[in-house]
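Spelled out from the first residue to the last, the chains are:
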Amino acid sequence: MLGDMMGMMGKLKETQQKVEETKKRMNNVLIDEQSSDQLLQVTVTADRQIKKIDIADALLEDKEQLEDYIILTLNKALARASDIYDKEVAAVASQGMPNIPGMDMFK
């Protein structure tokens, strides 16, 4: 029984380390998103850091339109980033979880 517990604890620690490594890797996963007319393009990382914003000159003439474009496009990019981040971390976490009845929180 004690050996089983020690084995599970070791597996949990290993899984925790893999989850942390996956989170760090998300710093390097880039997501590109653009407005439907391609006048605005943004790049964010999977851990939701904005890396780049490209704005077409045509958008610089209308401040309100530019603000709307930035909000919409960034929200789409950040939603995709969150989805990728959550799926990657959950996949790594669920692979390393010991089979404990009632502890299926990552499924």
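Within each chain, residues carry numbers counting from 1 in the order of the written sequence. Whole-chain, interface and lining totals are the exception, using all residues; otherwise, since this is a predicted model, local features are given only for residues with pLDDT of at least 70 and side-chain atom pairs are given and counted only at 80 or more. Side-chain metrics rest on all non-hydrogen atoms present in the structure, leaving aside hydrogens and water.

Structural notes on the nonpolar core
Then, in step 1: Membership of the largest hydrophobic core comes to 13 residues, with the highest contact counts inside it found for V19, I31 and V44.
Then, in step 2: Elements with a contribution of two residues or more to this core: β2 (40-45) and α2 (63-96).
Then, in step 3: A run of DSSP states H or I qualifies as a helix once it reaches four residues; a run of E qualifies as a strand once it reaches two. Both are numbered from the N-terminal end. Ranked by the residues each element gives to this core, the list is headed by α2, at 7 residues.
Then, in step 4: By the convention used here, residues are in contact when the closest approach between their heavy atoms is within 4.5 Å. Setting aside chain neighbours within four positions, we find V44 in contact with V29, L30, I31, Q49, I50, K51, L74, A77, L78 and A81. Side-chain atoms within 4.5 Å link the members of a nonpolar core, which is a set of buried Ala, Val, Leu, Ile, Met, Phe, Trp, Tyr and Cys residues. When a residue's accessible area, from a 1.4 Å probe over protein chains only, is under 20% of the maximum for its type it is buried; when over 50% it is exposed; and in between it is partly exposed.

Structural notes on the packing of aromatic side chains
Aromatic ring pairs are described here by two measures, namely the spacing of the ring centres and the angle between the planes.
Then, in step 1: For this analysis, a ring pair means two rings from Phe, Tyr or Trp (six-membered ring only for Trp) whose centres lie within 6.5 Å, classed as stacked if their planes differ by under 30 degrees, edge-to-face if by over 60, and tilted for the remaining angles. Tallied over the full model, the rule gives 0 aromatic pairs.
Then, in step 2: Counting as a charge over the ring demands two things of the Lys NZ or Arg CZ atom: a distance within 6 Å of the ring centre and an angle within 35 degrees of the ring normal. We note R48 situated over the ring of Y85; from NZ or CZ to the ring centre the distance is 4.7 Å.

A closer look at the pattern of salt bridges
Then, in step 1: Each reported salt bridge corresponds to a side-chain nitrogen of Lys or Arg within 4 Å of a carboxyl oxygen of Asp or Glu. Overall, the coordinates contain 8 salt bridges when judged by the stated rule.
Then, in step 2: For R25, the salt bridge is made with E88, and the minimal N-O distance between the two is 2.9 Å. Taken together, the residues span a long stretch of sequence, with R25 in helix α1 (residues 2-25) and E88 in helix α2 at a distance of 63 residues.
Then, in step 3: Here R25 falls in the partly exposed class, since its relative accessible area comes to 39%.
Then, in step 4: In this structure E88 comes out as partly exposed when scored by relative accessible area, which is 31%.

Here we look at a negative patch on the surface
Then, in step 1: Each patch groups residues whose relative accessible area exceeds 30% and which form no salt bridge, using 9 Å between like charges and 5 Å between nonpolar side chains of Val, Leu, Ile, Met, Phe, Trp and Tyr. Here the open area of atoms and residues is found with the Shrake-Rupley method and a 1.4 Å probe, where only the protein chains shown may cover a residue. A residue counts as positive if it is Lys or Arg and as negative if it is Asp or Glu; His and the chain ends are not included. By convention, the point assigned to a charge is CZ for Arg, NZ for Lys, CD for Glu and CG for Asp. Together, D57, E61, D62, E64 and D68 make up a negatively charged patch on the protein surface.
Then, in step 2: For E64, the location among the structural elements is in helix α2.
Then, in step 3: On the basis of relative accessibility, which here comes to 57%, the residue E64 falls in the exposed class.

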